[in-house]
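Coordinate inspection notes
Given next are the chains, with one letter for each unit.
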Amino acid sequence: FGAPESAHMFEGQDDEQPDAVCGRDCITGITAGIVGLNLRTPVCASPEFIRKIVLPPPPPSAQWSGPENCVNGTCIFSNVVQNGGISLITSPQHADIIKSYDIDADGGAYPPPFYTEQIEGKGIGLRANRSIVKGEVLMTRGATLIAQTEALIEWEVAVRDTMYDAAMARLPKGRRDAFLAQMGRDVHDKINKNSFQFFIHGAGEERARHLAAYPDIAKFNHDCRPNVHYRITDATITTIAARDIQRGEELAISYTDIFLPSKQRKERIQNWGFECACALCQGPKNETIASDKRLRRIEKLKADLNNFKEIKVTAETGAEYATLHEEEGLHAHLGSAYTRAALNFALFGDEERSREYAWRAAEELSIEKGPESGDAQAMRELAENPRAHWTWGKRRTLKK
Ligand SMILES: C[S@@+](CC[C@H](N)C(=O)[O-])C[C@H]1O[C@@H](n2cnc3c(N)ncnc32)[C@H](O)[C@@H]1O
């Protein structure tokens, strides 16, 4: 047994001669070797069975089920292999786009530079177990559940809950358990309290808004001055250290717009259903007042820097704008601050300072949006040759 021809035959070449001893329907030594079996005598099996064990399984992207359970054009789609299991509640058009995504399986720093623990006043959270360097990727995760927001809003509760049940039933047990372990009374409440909003472009903007569940990422608590930045690309979420982090610090992201003044931030957080217990919100009143003052100045300078009808700024205004971001601890937003500073120096024809801030912007944007992002690339181009940039000297000319 074990002639090479027999192995060849099992790879689907039906025109070959049957094996002399037990015909086509057997596994012999060589084929057994391919699939890791140690056989002395042939084992008879159907060609179907043999194909299944000899040929590699179809890729995860081919293993989608659905549309099922459709209600007004929104259906359930699921894949138990992709990313360890994912369910979608969306339209067939949006599902097709999600299916084309290269959803990343679990990744990030290993071993994880953090542990889970109860954090006073916040429930569970993540804490650094070693010092973490700015720019380190902490976790990448693919979504467990993606749901079209408009559908969830429009449906009656009973319909919505039936769809949730169907979506949950199609997840492998481990993925379902991780989803259900999130904070919240029921599936709807868990989605509300833990999901991330993102937009699926390419199937009309009207119903592009979706919510995605990433149970591991939902363990990050909120902080108004977060040390962790996140971005969602093609349904994969990436969390990155926004600054150097010391061992023992809590790792936190922001759930809301961190440029809002403290009162409005607190109101938004209350709409999420909790009182913010972050250091800034719980800190001394004078720090909140100083922070609000910086935020107002940032807003004013932003409007001035964006004003191209009249010149209300000097070459240094962009640098002041960036410094305020640093002082305010807006680490996850330094990319856009340095970008504005670099462009403003270019507008005033200051080559050296434009280069300096463009490099800083490129570095920050590589962290915030990814090294290959268009924004990071644009800043690298500006840094290489400010004089060739379309902004070069434009404000200087206007001033004259
Ligand atoms: C996405 S979960 C984060 C993980 C959560 N702490 C847990 O125990 O599962 C969001 C919930 O965590 C709590 N939380 C997050 N950030 C907080 C903060 N800054 N202050 C107080 N509670 C917070 C709130 O109860 C909020 O609804």
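Because the structure is predicted, anything quoted here is derived from the model rather than measured.

This part covers the site of the ligand. Taken together, the neighbourhood of the ligand is formed by 17 residues, with K122, I124, N221, H222 and A277 sitting nearest. In the model, a nitrogen atom of the ligand is placed 2.8 Å from a nitrogen or oxygen of the N221 side chain. A distance of 2.8 Å is found between a nitrogen atom of the ligand and a backbone nitrogen or oxygen belonging to H222. In the complex, the protein chains occlude 91% of the 560 Å² of accessible area that the ligand would expose alone. Placement of the ligand is best described as lying within the second largest pocket. Broken down by class, the residue content of the shell around the ligand amounts to nine nonpolar, five polar and three charged.

This paragraph deals with the layout of surface pockets. One number sums up the size of the largest pocket: a volume of about 1200 Å³. Taken together, 39 residues line the largest pocket, and the ones lying closest to its centre are F196, Q197, Y230, S254 and Y255. The set of elements that each furnish at least two residues to the lining of the largest pocket consists of α5 (149-154), α8 (187-194), β11 (196-199), β12 (209-213), β14 (228-233) and α9 (262-271). Broken down by class, the residue content of the lining of the largest pocket amounts to 20 nonpolar, twelve polar and seven charged. The residue makeup of the lining of the largest pocket includes at least three contributed by each of domain 2 (61-253) and domain 3 (284-399). The calculated volume of the second largest pocket comes to roughly 490 Å³.

Once that is clear, we can look at the sheet that holds strand β6 (residues 107-108). The strand order across the open sheet formed by four strands is β6-β9-β15-β14, and the pairing between neighbours is antiparallel. Each edge of the sheet is formed by a strand with only one pairing partner; in this case those strands are β6 and β14. Here two bridges tie β6 to strand β9 (residues 137-142), and the two strands are oriented antiparallel to one another. Bridge pairing in β9 links G107 to T140. On top of the sheet, helix α14 (residues 351-368) reaches β14 and β15 (236-241); it is set at about 65° to β14, its chief contact.

As a further point, take the state of the cysteines. This model, assessed by the stated rule, comprises one disulfide. The disulfide bridge from C70 ends at C75, spanning 2.1 Å between sulfur atoms. As the torsion about the S-S bond is roughly 110°, the C70-C75 disulfide counts as right-handed. A relative accessible area of 46% places C70 in the partly exposed class. Left unpaired, C276 is separated from the closest cysteine sulfur, that of C281, by 3.5 Å. The class for C276 is buried, based on a relative accessible area of 8%. With relative accessibility at 12%, the residue C281 sits in the buried group.

Below, the discussion takes up unusual backbone geometry. Residue P67 is bonded to the preceding G66 through a cis peptide linkage, with omega at 10°. Within the fold, P67 resides in strand β3 (residues 65-71). Cis rather than trans, the peptide bond between Y110 and P111 has omega equal to -5°. Tracing the backbone shows P111 in the loop between β6 and β7 (114-119). Even without being a glycine, N72 presents a positive backbone phi close to 45°. Along the chain, N72 turns up in the loop between β3 and β4 (74-79). Residues other than glycine seldom take positive phi values, yet D234 does so here, at roughly 50°. Assignment of secondary structure puts D234 in the loop between β14 and β15. For D234, a relative accessible area of 40% corresponds to the partly exposed category.

Right, let's talk about the nonpolar core for a bit. Membership of the largest hydrophobic core comes to 32 residues, with the highest contact counts inside it found for L88, I146, Y214, F220 and L251. Put simply, the parts of the chain that give this core at least two residues each are β4, β5 (86-90), α4 (92-100), β8 (123-128), β9, β11, β15 and β16 (250-253). At three residues, the largest contribution of residues to this core is made by α4. Among all residues touching F220, those that are not within four sequence positions of it are L126, L138, M139, V228, T239, L251, A252, I253 and Y255. Within the second largest apolar cluster, 29 residues are counted, among which are Y321, L334, A337 and L365.

Criteria and thresholds
Residues numbered from 1 in each chain as written. Predicted model: local features only at pLDDT ≥ 70, side-chain atom pairs only at ≥ 80, totals over all residues. Heavy atoms only, no water. Near = heavy atom within 4 Å. Polar contact = N/O pair within 3.5 Å; in protein donor to acceptor, adjacent residues only side chain to side chain. Areas by Shrake-Rupley, 256 points an atom, 1.4 Å probe, with all protein chains shown as cover. 1 Å grid on protein atoms, 1.4 Å probe; cavity = no way out; pocket = protein on both sides within 12 Å on 5 of 7 lines; lining within 4 Å. Sits in = over half its atoms within 2 Å of the grid points. Nonpolar A, V, L, I, M, F, W, Y, C, P; charged D, E, K, R; others polar. Points joined across faces, edges and corners; volume = space filled by probe spheres on them. Helix = DSSP H or I, 4+ residues; strand = E, 2+ residues; numbered from the N terminus. Domains from an automatic or database assignment. Pairing = 2+ DSSP bridges. Contact = heavy atoms within 4.5 Å. Axes fitted to C-alpha atoms, helices over the stretch in contact; angles between N-to-C directions. Disulfide = S-S within 2.5 Å. Buried < 20%, exposed > 50% of the residue type's maximum accessible area, 1.4 Å probe, protein only. Core = buried A, V, L, I, M, F, W, Y, C linked by side-chain atoms within 4.5 Å.

These figures come from the coordinates and say nothing about function on their own.
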